[in-house]
Amino acid sequence: MAGPHYRLQTFGELRLVDSGGVAVACPERGALILAYLCVSGEKTASREKLAMLIWPEREKSVAFKNLRSTLWRMRHLAADLGPLITATEAEVTLGEIACDVDGFQALERSEEAFRTGLRLWRDGFLASADVPPGRYADWVGEQRRLFTQLLRAALIGGEERFADRALLRTACMHFLELDPTDTAVRPILERMTGGGLVVGSGQPDRARLRQGAFAGEPAREASAPPVALAPRVALLPPAAFGSDPMLHAVSVAVVEDITIGLCAQRSMSVVAPYTAERIRDAADKAAFLEKHGVTYALDCRMSDQGLFTQLIFLPSDAIVWAERFAISPVGLLQQRQEIAFHVARAVTEQVETGRAARIDYLAHPEAYYAYLAGLRNLSSVGLPEIRRARGDFRTALKHKPDFAPALSGMARTYAIEWILTARGDRELLSVAEHHAKGAIESNEDLPGAHREFGVVKLYQGDLDESLAALDLAENLSPHYADVLYSHADTLVHVSRPREALDKLGKALSLNPLAPDTYFWSAAGASYFLESYEDAIGYVQRMKDKSPGDRLLAASWAMLGDQKKARAYRMRALKSNPTFDVDKWLAVVPMKEQWQKDLYREGLKKAGF
C-alpha cells in the first residue's frame, strides 16, 4: 500500500511538501491547522474549536469566515494527490499526511532515532511560524516542553547504550544551556569529559585545569545567584579562513572544548555550539544575541596571525578581555590545550568578577533596552539618527538617572551634532561635557565615559587633555575598537595622521563591520597625508556617505576633477546651506596650521 502523499515539517520552518519533496503552497494558517491535527493526535476537530484556536483575536463570525476560506484553498491545492483535509459542516478531519514529529517516536530504541530527535528539537517546534496567541500558543509551549522531556529522558537512559560520545556531549550541552543546574545531565557530561575540558587522552595538565578555570569552589557555589540571574555566554566559533582547513578545524575544536568545559560551571548558562554557529552566521548578530539573552559573547576569528579571541560584555558593549594565539601545523595538540585553558580561565574570571555589574543591568531592564535602541541608532552618523539615539538615551536615564552608558551615549550625540551642523555651537559641547563627566562620576571604570570626555575636549580645543582621557580609556580596555577609533580621530587633529591610520587599522581588525565614523575618520587622516584617492575610498565605504560630502568635494578638487568636486559641494550645501569655510576652520581644532591650510585649499578649490 502506498504511503502518504504529503509530509508536514513542523520543526524549524513550517512547510508542507509532496512525496517528491516539492513544497506545496499551503497557507500558513492552514499549515498550523495541519500541525495541530497531526501533533495533538486528535485527527478530527470541530470547526468552532479550530476557528477560535487559529483566529482568537477575531470576532467569532469573522473567524468562521477565515476558516471556510482557508479550508477551501487547502481542498483545491493538490487534488490529484488526495485531500489534505476533509470537512463537514461541523468538523474537520486530517487526510493521510506524514509528519516530522514521528521522529520523536522510540527515541530510546536506537542511537539514530536519538540523533534524529535531537536534530529536530534544536530546530524548534514551530520555531519560524507566526503562532496565534492564546490557546494555540499555550499548546505549542506544552508540546515544546513535552519534546524536551522525551529527549532528556532518552539522553539520561542512553548513556550506556549509545556509542557516539560526541552526540551525547552535544545533547548534554543543549540541556545545560537550558538549565545549568540540571543534576541529572551534568554528571553525564562530566563522566564523558573527565570533569573538565576535552583535551585528549593522557593530558598532564588536567589537574591544573580542574584547579583553575573549572574549579567548583563550594563557597562560591553556595553564594551563586539563582538560575534567572546566571549570565548567558555564547562562544562564537571562527569562520573558515585561509587555505589550511586543519588550522580552522583545530580552532573550531578549541572553541567546542571550552564550551564543554564551561557547561560544567553552575555560575553561567552556556549557549550550545549549534546555536552559537547560527548567531555567528546571522546578518544582525547584535539582534540575535539580544534575542537569546546573551550577556557575554566570545568572538573568535582566524587570521594570518593565528586565532584572535575577544570577550564582549554586551550590556555595555565593552571588550573585557582579548588575546591572540598562534596556531601552526606543528604542535597542534599542545596549542589546543593551552588555548582552551587560557580562554576558559579568562571567561570564568570575567563572569565571576562582573557579577555585580550584570545584576545592576538586570535590575533595570527598561534602562538597558532603551540604551540598546540608542546604540543601534548611533551606528549611523546622520542628524535624524543621532537625535533619535538621544531620545532613547534620555528614556534610559528616566528609568535610571545615573546609568553611565546612557550618560556616555548622550555626550556622544551632542558631540556628533556639533560636527554635523558645523556651526561651532559651544553650547552643544558644554552639554556633551556635562554628560561625559556624569558618566565618569557614575562609573569611573567605564572606558566609553573617558572616551566621550576625550572627544569633547578635542572639539573644545584642549588637545592634551583629550589625548590623556583617550589614553586612559584605551588602558582600561586595550581592545575596545570604538576607543581606538576615537583615539585615532584625536591623533588626526593633533597632526599625527599616520599614527591615526595605524590605530584605525587595529580598530577595523577588531570591528570589521564598523560604523561609518571609522571610515570617516580614516578618510580625514588620508586627506592630510595627501592620499586623496584613499580618502575618497574610505568615504565610499560608508553606508551613509552624506557626512563625507565636504571631504569628497575637497579630495576631488585636489585631484583636479572639478566636475565631481562641484557635484559633492552641491550635495553638502543641500544638507547644510549655511556652511562657511572660514568660520568652520576657525572653530575646528587642529594643532598645526598646515592642516587648516590644506583643508581650506581643497574646499576653496571645490567652490565653497
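As the structure is a prediction and not an experimental result, all values here were calculated from the model.

Novice: Provide a residue-level description of helix H25 (residues 549-558), including the pertinent values.
Specialist: Among the ten residues of H25, ten are classified as buried, and the element is accordingly described as predominantly covered. Among the residues of H25, Asp549, Arg550, Leu551, Leu552, Ala553, Ala554, Ser555, Trp556, Ala557 and Met558 are the ones counted as buried. In the core, the buried residues of H25 are packed alongside helix H17 (404-421), helix H23 (516-528), helix H24 (532-540), helix H26 (562-575), helix H27 (581-587) and helix H28 (593-606). Directly beyond the C-terminal end of H25, a positive phi value near 90° is found at glycine 560.

Novice: Would you mind going over the sheet that holds strand E2 (residues 15-18) in detail, with residue names and values included?
Specialist: Pairing is mixed in the open sheet, where four strands are placed in the order E3-E2-E1-E7. Bordering the open sheet on either side are strand E3 (23-24) and strand E7 (97-99), each of which pairs with just one other strand. Relative to E7, strand E1 (residues 6-9) runs parallel, the two sharing three bridges. Bridge pairing in E7 places arginine 7 opposite alanine 98.

Novice: Go over the sheet that holds strand E5 (residues 85-87) with me, naming the residues and quoting the values.
Specialist: Here three strands make up an open sheet; going across it, the order is E4-E6-E5 and the pairing antiparallel. Looking along the sheet, the strands with just one partner apiece sit at the ends: strand E4 (44-46) and E5. The mean inter-strand angle of the sheet, taken between neighbouring strand axes irrespective of direction, is 20°. With three bridges joining them, E4 and strand E6 (residues 91-94) adopt antiparallel strand pairing. In the sheet register, threonine 44 faces E6, and the bridge partner there is threonine 93. Its contacts with the sheet put helix H2 (residues 47-54) on E4, E5 and E6, and the angle it makes with E4 is roughly 80°. Contacts from helix H3 (residues 60-75) reach E5 and E6, with the element oriented near 130° to E5.

Novice: A description of empty space enclosed by the protein should follow, citing residues and the corresponding values.
Specialist: All chains considered together, the criterion is met by two cavities of 30 Å³ or more. Its boundaries defined by the atoms lining it, the largest cavity holds a volume of some 490 Å³. Along the wall of the largest cavity there are 27 residues; nearest its centre are Ile419, Tyr459, Asp489, His493 and Trp520. Mapped by element, the contributors of at least two residues to the lining of the largest cavity are H17, helix H19 (447-459), helix H21 (481-493), H23, H25 and H28. Broken down by element, the lining of the largest cavity gets its largest block of residues, six residues, from H23. Residues of the lining of the largest cavity, tallied by class, amount to 18 nonpolar, six polar and three charged.

Novice: Give a description of the environment of isoleucine 386 that names residues and reports values.
Specialist: With respect to the helices and strands, isoleucine 386 occurs in helix H16 (residues 383-399). Along the sequence, isoleucine 386 and arginine 412 sit 26 residues apart, while their C-alpha atoms lie 8.8 Å from each other.

Novice: Could you give an account of unusual backbone geometry, naming the residues involved and the relevant values?
Specialist: Here leucine 126, not a glycine, exhibits a phi torsion of approximately 50°, which is positive. Relative to the helices and strands, leucine 126 is located in the loop between helix H4 (111-123) and helix H5 (135-158). In this structure, serine 495 is a non-glycine residue whose phi angle is positive, near 70°. Mapped onto the fold, serine 495 is located in the loop between H21 and helix H22 (497-510).

Novice: Can you break down the packing of H25 against H28 residue by residue, with the values?
Specialist: At a closest axis distance of 7 Å, the pairing of H25 and H28 adopts a crossing angle of 85°. Relative to H28, the element H25 lies roughly perpendicular. Facing Arg550, Leu551, Ala553, Ala554, Ala557 and Met558 of H25, the residues of H28 in contact are Leu598, Tyr599, Glu601, Gly602, Leu603, Lys605 and Ala606.

Novice: An account of the side chain of glutamine 310 is needed here, citing residue identities and associated values.
Specialist: Summarising the element assignment, glutamine 310 is placed in strand E11 (residues 306-313). Relative accessible area serves as the criterion here: at 2%, glutamine 310 is assigned to the buried category. Dropping the residues within four chain positions of it, glutamine 310 is found in contact with Ala297, Leu298, Asp299, Arg301, Ile319, Trp321, Ala322, His479 and Leu510.

Criteria and cut-off values
Position numbers for residues count from 1 along each chain, tracking the sequence in the order it is written. Local features in this predicted model are restricted to residues of pLDDT 70 or higher, and side-chain atom pairs are both shown and tallied only at a pLDDT of 80 or more, whereas totals for entire chains, interfaces and linings draw on every residue. Think of the side-chain values as coming from all heavy atoms in the structure, minus any hydrogens and water. Here the term buried applies to any residue with accessible area under 20% of the maximum for its type, exposed to any over 50%, and partly exposed to those in between, with areas from a 1.4 Å probe on protein chains only. Per the convention used, a helix needs a DSSP run of H or I reaching at least four residues, while a strand needs a run of E reaching at least two, with both numbered from the N terminus. What makes two residues a contact is simply this: any of their non-hydrogen atoms within 4.5 Å. When DSSP finds two or more bridges between a pair of strands, those strands are recorded as paired. As a rule, the C-alpha atoms of each element are fitted with a line to give its axis, helices using only the stretch in contact, and angles between N-to-C directions run from 0 to 180 degrees. Grid points spaced at 1 Å and placed over the protein atoms alone form the basis of the search, with a cavity being a set where a 1.4 Å probe fits but cannot get out and a pocket an open set showing protein on both sides within 12 Å along at least five of seven lines. Lining residues have an atom within 4 Å of a point. Grid points are joined across faces, edges and corners, and a volume is the space filled by probe spheres set on the points. Nonpolar residues are Ala, Val, Leu, Ile, Met, Phe, Trp, Tyr, Cys and Pro. Charged residues are Asp, Glu, Lys and Arg, and all others, Gly as well, are polar. We call two directions roughly parallel when the angle between them is under 35 degrees, roughly antiparallel when it is over 145, roughly perpendicular when it lies between 65 and 115, and oblique otherwise.

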